[in-house]
Amino acid sequence: MITGRVLLLNFSYEPLGTIGVARAVCMWFSGKLTVEENDGDNVLHSPSTTIPIPSVVRLRNYVHIKRRRQETTMKRARIYIRDRYRCQYCAEHKHAKDLTLDHILPRAQGGESTPQNLVAACVKCNQRKGNRTPEQARMPLLTSQKLLRLGLDHVLLCHYAESRPEWKKYLFMDESDETEMNIAA
Ligand SMILES: [Zn+2]
């Protein structure tokens with residue numbers, strides 16, 4: 001239990017990432033955050049008390065975020081994770097070593113090397129597409145502009161949230177499927 005992850009929100013409810021349960025409890029004890037959601041009925045026992053394990057916590061003070069993480073060398077790996085190690089043209093799952101980063105709008109046409117303009121592509125598809133846009137190459141993208149615009153950090157949190165339903169409302173994930181299921185049931 002103590003090894004689980006906790007969703008950390010800014011004071012503004014903007015998702016910042018995840019922290020370990022132990023760190024979340026420490027920060028809660030020192031008054032740095034409030035608990036928004038508990039992890040079901042799971043509790044931590046100490047000699048003197050029992051504490052519900054937090055699942056979603058929010059900072060008591062607003063923190064200004066530096067956007068430096070997008071510039072790091074981890075970008076490639078994070079884009080592969082965002083795209084689930086799947087070529088975004090032929091849909092094949094690949095190992096990282098068999099994937100490349102494809103510029104959706106090619107560099108030759110002014111495309112930037114930003115996560116919004118980069119997708120995982122197998123070598124074959126990347127070569128076939130060449131210096132063309134998906135439209136020009138008639139190679140439609142699997143992923144959507146909406147997902148690409150969300151930003152890497154946010155998409156990675158959405159992947160985590162698939163096993164943590166109580167996180168979803170904080171990540172603005174579309175819950176229409178669940179609503180429909182509830183109505184059907
Ligand atoms: Zn491919």
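### Observations concerning the overall build of the protein
- Across its full length, the protein holds seven helices and six strands.
- Element order for the protein, N to C, with α for helix and β for strand: β-β-α-β-β-α-β-β-α-α-α-α-α.
- Per-residue burial over the protein gives 41% buried out of 185 residues.
- By sequence separation, contacts in the protein at least 24 residues apart represent 56% of the contacts at least 6 residues apart.
- With the model as given, the accessible surface of the protein reaches about 11,600 Å², and the carbon-plus-sulfur share is 53%.

### Some points on the pairing of strand S3 (residues 33-45)
- As paired elements, S3 and strand S4 (residues 50-59) share eight bridges and run antiparallel to each other. For Glu-37, the partnering residue across the bridge sits in S4 and is Val-56.

### Observations regarding the coordination of the zinc ion
- Coordination of the zinc ion by the protein involves Cys-87 (SG), Cys-90 (SG), Cys-122 (SG) and Cys-125 (SG), with metal-donor separations of 2.3 Å.
- Of note is the zinc ion, whose four donor atoms meet at the metal with angles of 101 to 116° in an arrangement that counts as tetrahedral.
- Read from N- to C-terminus, the donor residues coordinating the zinc ion fall into the pattern C-x2-C-x31-C-x2-C. Considered together, Cys-122 and Cys-125 belong to a single accessibility category, that of buried residues.

So, how was this worked out
Residues numbered from 1 in each chain as written. Predicted model: local features only at pLDDT ≥ 70, side-chain atom pairs only at ≥ 80, totals over all residues. Heavy atoms only, no water. Helix = DSSP H or I, 4+ residues; strand = E, 2+ residues; numbered from the N terminus. Buried < 20%, exposed > 50% of the residue type's maximum accessible area, 1.4 Å probe, protein only. Contact = heavy atoms within 4.5 Å. Areas by Shrake-Rupley, 256 points an atom, 1.4 Å probe, with all protein chains shown as cover. Pairing = 2+ DSSP bridges. Donors = N, O, S within 2.8 Å, 3.2 Å for Na, K, Ca; no water. Tetrahedral: all angles 85-135°; square planar, octahedral: opposite > 155°, others 65-115°.

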